[in-house]
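# Structure assessment
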Amino acid sequence: MSERDNFENGGIPLLISAPDDSLTFEPLFVKIRRAAEGSNTITFIGSAAGKGDRDEITMTWGELYRSALAMAAVLQHKGVKEGDHIALLGPTTRNLVTAIQAVWFAGGSVSILPIPMRFSSIEEFASQTRALMKHGDISMLLLDPDLAAFYESKPGDPPIVLLDELEPAAGGLTENDYREVPYDPERLAILQFTSGSTSSPKGVMLPYRVLEANTTGMIAASKTVPEDTFVSWLPLYHDMGLIGLLIVPMTAGCSLVLASPQDFLSRPADWLRWMHKYRGTVTSGPNFSWVLATRAFRRLTETGEMLDLSRIRIALSGAEPIDPDVVEALIEAAKPHRLRGEAVFCAFGMAELSLGGTFPPPLRGMITDTVDSNALEKKGIARPVDPGNKKARRFPLLGTPIPGLQMRICDPEKGYLKGPREVGELEIRGSSLMAGYYKRPDLNESLFHDGWLKTGDLAYFVEGPGGGEPELVICGRIKDVIIIAGRNIFPEDIERKVGSLDGVRAGNVIAFGIEGSKRKENIVVVTEVRTEDPAELRRKIREQVIAIVGFPPRDIILVQPGTLPKTSSGKLQRSLCRRQYIHKELKTVESR
């Protein structure tokens with residue numbers, strides 16, 4: 001009997017989330033109004049509170065709701081009608097959040113445009129913004145006054161309205177002037193522009209029925225209740241920030257503490273202080289943010305500033321590959337500050353599902369699957385091994401599909417179903433699935449396999465702890481895999497190890513394959529560094545790569561801090577980095 005037969009027998013060819021009849025998919029507006037009837041609040045802190053002397057602005061969801069109705073009346077007066085695509089551009093503020101609700105009430109769909117973490121010029125920023133608006137058929141741009149100087153309207157652009165022009169006092173209109181728009185579950189709620197690490201930006205179409213299904217499923221799977229307090233600094237142009245940490249508490253009626261990404265990036269320890277001060281119970285961030293949080297925890301301990309984070313029950317890690325070593329370092333560093341290890345919440349999601357894909361049980365903590373890297377790379381089999389094995393590789397279990405979703409693993413080329421612990425492409429279908437990419441029939445046609453969304457993720461299913469339901473494990477992106485001598489080498493393995501070296505900026509390492517002599521693939525490593533001895537650092541990087549894959553990289557490029565290509569949400573752009581390498585466009589430390 002072959003190894004494949006061993007793994008397929010008694011197999012789990014299809015992972016299904018059974019429908020939960022207790023879930024009611026109510027219209028978004030109904031949930032917003034119900035939350036507005038409660039006493040819970042949204043608190044804007046730091047720069048999100050504005051430029052005045054106040055460190056925070058707190059208002060009830062009811063106050064925000066009434067302001068949004070008045071703002072919707074102003075939008076209607078300015079010509080916004082049902083089905084219009086409205087873009088919003090600005091940092092996290094009370095006006096921006098109010099405008100999101102107002103656009104929905106006026107009948108429009110919301111597209112929050114990214115403010116790039118890195119861009120080489122104001123002209124590039126304006127050009128990218130204009131390209132997104134043109135592709136998305138944007139009818140109106142709602143612009144924060146602070147960004148007005150950076151974006152100059154040109155012929156062909158949609159009309160621009162500054163956010164402060166929508167304030168009720170500016171228009172002389174009140175909530176009583178608002179004309180209710182009929183509810184249509186098929187109307188777009190969000191046109192979410194996504195710029196993945198391996199692809200150009202696309203517009204994900206999320207009608208109300210999809211958004212409502214996904215948020216309802218996430219609320220149920222995470223056991224979210226009105227007594228929860230969410231704490232977030234995530235950008236609202238990212239699906240995790242907009243849907244997971246704004247729309248979920250907005251519709252579930254939880255309290256929310258909202259800061260800006262800039263506040264977190266300039267002072268990561270403030271994130272931890274906010275959790276302490278506001279008695280937060282739910283928060284979220286990508287892998288790199290937990291690296292920064294770990295360092296901040298250590299500094300707080302050293303200085304004697306002790307926090308109480310014992311109320312946190314969900315500390316979600318998602319949006320990018322989760323490194324188990326990072327999670328364990330976080331748990332250890334956070335112990336003096338009473339953050340429970342069980343609160344770590346390793347999940348999977350993607351914009352094409354609105355957000356949530358799989359959730360683990362709350363307060364379970366991280367569970368890992370340790371597998372033989374040789375079997376994984378050469379045979380596509382996740383064979384269990386002892387954690388002490390030299391070839392061991394660990395992956396976090398990411399839970400089961402949220403209610404309403406079904407998942408399966410298929411062979412990426414031939415399409416047949418895979419068995420348990422067999423690696424293949426993750427495919428998904430269900431009520432949370434997007435309506436498609438906006439004006440991209442070329443992508444939409446190739447995106448589905450017999451009605452299932454092909455995610456582009458390499459994954460496998462494994463039995464849950466204690467014989468529990470099968471859970472999802474993600475190995476990497478198909479397009480990123482480096483194939484050498486029949487081995488599937490995952491760039492994350494190289495990037496994490498190189499990122500642990502002194503002088504290398506953690507989270508700022510990219511590994512990719514490049515064709516060499518005799519059409520054989522070779523490895524190139526590009527990393528941001530801060531070092532006085534580039535030659536010695538190159539030697540250490542070379543040794544790390546040899547230790548991981550068994551042979552040296554073809555090239556090691558050391559670049560200046562802040563120059564690696566990333567998406568607006570901070571994800572590494574490997575394909576763009578590869579192109580920059582080929583065309584010799586990388587800003588090396590030697591070119592300074």
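Residues numbered from 1 in each chain as written. Predicted model: local features only at pLDDT ≥ 70, side-chain atom pairs only at ≥ 80, totals over all residues. Heavy atoms only, no water.

### Observations regarding the overall build of the protein chain
Counting its regular elements, the protein chain contains 17 helices and 29 strands. Taken against the 2.2 N^0.38 rule, which gives 25 Å for 592 residues, the C-alpha radius of gyration of the protein chain at 24 Å falls within 12% of a compact globule. With the C-alpha coordinates aligned to their principal axes, the bounding extent of the protein chain is approximately 70 × 60 × 55 Å. Taken over 592 residues, the protein chain has a buried fraction of 57%. Excluding contacts between residues fewer than 6 apart, the proportion of contacts in the protein chain whose partners are at least 24 apart in sequence is 72%. Here the protein chain has roughly 24,600 Å² of accessible surface; of this, 50% comes from carbon and sulfur atoms. The average position of the 70 basic charges and that of the 75 acidic charges among the side chains of the protein chain differ by 5 Å. (Helix = DSSP H or I, 4+ residues; strand = E, 2+ residues; numbered from the N terminus. Rg over C-alpha atoms; globule rule 2.2 N^0.38 Å. Buried < 20%, exposed > 50% of the residue type's maximum accessible area, 1.4 Å probe, protein only. Contact = heavy atoms within 4.5 Å. Areas by Shrake-Rupley, 256 points an atom, 1.4 Å probe, with all protein chains shown as cover. Lys, Arg positive; Asp, Glu negative; His and termini not counted. Charge placed at Lys NZ, Arg CZ, Asp CG, Glu CD.)

### Considerations on the side chain of D263
Considering the arrangement of structural elements, one finds D263 in helix α9 (residues 261-266). Buried charge without a salt bridge: D263, with R267 as the nearest opposite-charge side chain at an N-O distance of 4.0 Å. A distance of 2.9 Å separates the side chain of D263 from the backbone nitrogen of S47, its partner in a polar contact. (Salt bridge = Lys/Arg side-chain N within 4 Å of Asp/Glu carboxyl O. Polar contact = N/O pair within 3.5 Å; in protein donor to acceptor, adjacent residues only side chain to side chain.)

### What about the sheet that holds strand β29 (residues 555-559)?
Taken together, three strands build an open sheet; the order of strands is β27-β28-β29 and the sheet is mixed. Every interior strand has two partners, whereas the edge strands, β27 (504-515) and β29, have only one. For this sheet the average axis-to-axis angle between neighbouring strands, irrespective of direction, equals 20 degrees. Bridge count between β27 and strand β28 (residues 521-529): eight bridges; the pairing is antiparallel. Note that in β28 the partner of I514 across the bridge is N522. Seen against the sheet, helix α17 (residues 574-582) touches β27, β28 and β29 and runs at an angle of roughly 70 degrees to β27. (Pairing = 2+ DSSP bridges. Axes fitted to C-alpha atoms, helices over the stretch in contact; angles between N-to-C directions.)

### Some words on the confidence of the model for the protein chain
Looking at the protein chain as a whole, the pLDDT averages 90, with 92% of positions reaching at least 70. In this model residues 1-10 is a low-confidence stretch, pLDDT under 50, and it forms 17 contacts with partners more than four residues away in sequence or in other chains. (pLDDT = per-residue confidence, 0-100.)

### Quick look at the sheet that holds strand β14 (residues 344-346)
The sheet built from seven strands is open, its strands ordered β3-β2-β11-β10-β12-β13-β14 with mixed pairing. Across the chains shown, the open sheet's two edge strands, defined by having one partner strand only, are β3 (56-60) and β14. Direction aside, neighbouring strands of the sheet carry axes that sit 20 degrees apart on average. Alignment of strand β2 (residues 41-45) against β3, held across five bridges, turns out to be antiparallel. Across the sheet, the residue bridging to T43 is T58, located in β3. Strands in contact with helix α3 (residues 61-77) are β2, β3 and β11 (255-258); relative to β3, the strand with the most contacts, it is inclined by about 85 degrees.

### A short note on unusual backbone geometry
One non-glycine residue, L363, lies in the positive phi region at around 65 degrees. By the secondary structure assignment, L363 is in the loop between β16 (356-359) and β17 (368-372).

### Comments concerning the packing of α3 against helix α4 (residues 94-106)
Angle between the axes and distance between the axes: these two values describe a pair of packed helices. Where α3 meets α4, the axes come as close as 7 Å, and the angle between the chain directions of the two elements is 60 degrees. Between α3 and α4, the crossing angle belongs to the class labelled oblique. The handedness of the crossing between α3 and α4 is right-handed. From α3, L64, Y65, S67, A68, L69, M71, A72, L75 and Q76 reach across to α4, where they touch N95, V97, T98, A99, Q101, A102, V103, F105 and A106. Of the residues assigned to the contact of α3 with α4, the class counts are 13 nonpolar, five polar and no charged. (Parallel < 35°, antiparallel > 145°, perpendicular 65-115°, else oblique. Left-handed = near helix turned anticlockwise from the far one by under 90°. Nonpolar A, V, L, I, M, F, W, Y, C, P; charged D, E, K, R; others polar.)

### Details of the pairing of β29
Taking burial as the measure, the five residues of β29 include four buried ones, the bulk of the element. Pairing analysis gives five bridges linking β28 to β29, with the strands arranged parallel. Residue V525 lies in a different strand from β29, and its bridge partner there is I556. The β-α-β motif built from β28, the intervening helix α16 (residues 534-549) and the parallel element β29 has right-handed crossover chirality. (Right-handed = clockwise from strand over helix to strand, strands pointing away.)

### Regarding the packing of aromatic side chains
Taken as a whole, this structure holds 13 aromatic pairs when the rule is applied. Where F29 meets Y183, the ring centres are 6.4 Å apart and the plane angle is 90 degrees; that geometry is what we call edge-to-face. With a gap of 154 residues between them, F29 in helix α2 (residues 28-36) and Y183 in the loop between α6 (168-171) and β8 (188-194) connect regions that are remote in the sequence. An aromatic cluster is present here, built from F29, Y65, F105, Y178, Y183 and Y208 joined pairwise through their rings. (Phe/Tyr/Trp six-rings, centres within 6.5 Å; stacked < 30°, edge-to-face > 60°.)

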